[in-house]
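Summary of structural features
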Amino acid sequence: ASSLSAGFRHQAEANALAESARFAWQSLRDEVEPAGYTPKPWMGAASPAVLDGSRDAVNARGDRLALERRSDRNCYGNPNPVLDANGAAAYFLLRSSFEVRPSGELAWVCDYGPDASSLVRQGNHLSIIAGVESFQLQYGIDADGDGAVDRWVRAGQWGEENRLRGVRFSLLLASPHPLGQSGGRLFQVLDETVSTPPDGRIRQVWHGVISFGGRET
């Protein structure tokens with residue numbers, strides 16, 4: 001009976017990890033895919049997809065991803081009540097970022113407004129998932145202009161931002177509860193090696209690659 005109970009507990013913790021990974025993937029994809037979108041790029045400078053606020057090792061939990069786009073919907077997906085000359089929802093500037101708090105929560109920040117000087121914070125370090133021990137990022141460069149990623153670099157190493165085509169990320173997640181005793185382990189999270197304590201928690205590394213679809217519109 002005890003072994004059966006342990007099996008159920010292990011499966012429950014594994015399921016919680018998988019659900020956290022799925023939700024993190026969806027949250028990141030919702031912001032990364034439209035990054036860089038400008039409704040009429042021929043009428044002015046296009047928005048960057050990745051902002052200079054993207055940084056490696058902002059704390060012991062990993063990196064920060066900062067993004068920008070134009071959007072007729074605010075941070076929560078509600079249509080802009082301000083209308084343009086045609087009576088449609090106006091496009092404002094939307095800036096969002098992700099990083100992991102020291103407490104292990106992947107947090108989301110989102111600002112929205114007519115321009116960079118008039119942004120209002122609508123999402124202030126809102127928790128996406130818990131149990132994140134490392135969040136690592138790399139950025140894909142299209143060096144020869146053929147639309148494909150030629151190499152992956154760390155924050156600030158891309159030279160011309162408009163050559164970026166996507167983001168590669170890894171998350172090291174720990175289960176909510178310990179399951180007995182276990183020794184510490186080393187995990188490879190992109191190009192970082194992370195040492196974990198012998199606390200009995202299940203851990204897994206999850207990877208993802210997301211393209212900047214906003215640049216293709």
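Check the entry above for the structure.
Residues numbered from 1 in each chain as written. Predicted model: local features only at pLDDT ≥ 70, side-chain atom pairs only at ≥ 80, totals over all residues. Heavy atoms only, no water.

**Considering the side chain of Glu-99**
Put simply, the rule reads: Counting from the N terminus, the helices are DSSP H or I runs at least four residues long and the strands are E runs at least two residues long. Only protein chains enter the accessibility calculation, which uses a 1.4 Å probe. A residue is then buried if its area is under 20% of the maximum for its type, exposed if over 50%, and partly exposed in between. The term polar contact refers here to a pair of N or O atoms within 3.5 Å; inside protein, the definition further demands a hydrogen-donor-capable atom paired with an acceptor-capable atom, and it admits residues adjacent in sequence only when both atoms are side-chain atoms. Any two residues having at least one pair of non-hydrogen atoms within 4.5 Å are treated as being in contact.
Along the chain, the position of Glu-99 falls in strand β3 (residues 92–100). Accessibility expressed as a relative area gives 19% for Glu-99, which makes it buried. A polar side-chain atom of Glu-99 sits 2.6 Å from a polar atom in the side chain of Arg-64. Contacts of Glu-99, omitting those with residues within four sequence positions, involve Val-58, Asn-59, Asp-63, Arg-64, Glu-105, Leu-106, Ala-107 and Phe-135.

**Considerations on the environment of Tyr-112**
Relative to the helices and strands, Tyr-112 resides in strand β4 (residues 106–113). On the basis of relative accessibility, which here comes to 6%, the residue Tyr-112 falls in the buried class. A C-alpha to C-alpha distance of 31 Å links Tyr-112 and Gly-145, two positions 33 residues apart in sequence. Only 3.0 Å separates the side chain of Tyr-112 from the backbone oxygen of Ser-71, close enough to count as a polar contact. At a separation of 3.3 Å, a polar atom in the side chain of Tyr-112 contacts the side chain of Asn-80.

**Quick look at the pairing of strand β8 (residues 164–174)**
How we decide: Strands were regarded as paired on the criterion that DSSP finds at least two bridges between them.
Taking burial as the measure, the 11 residues of β8 include nine buried ones, the bulk of the element. Pairing of strand β6 (residues 132–141) with β8, which is carried by nine bridges, proceeds in the antiparallel orientation. Of the residues in β8, the one forming a bridge with Gln-136 is Ser-170. Inspection of the sheet shows β8 paired to strand β11 (residues 203–211) by nine bridges, in the antiparallel sense. When the bridges of β11 are listed, Ser-170 appears paired with His-207.

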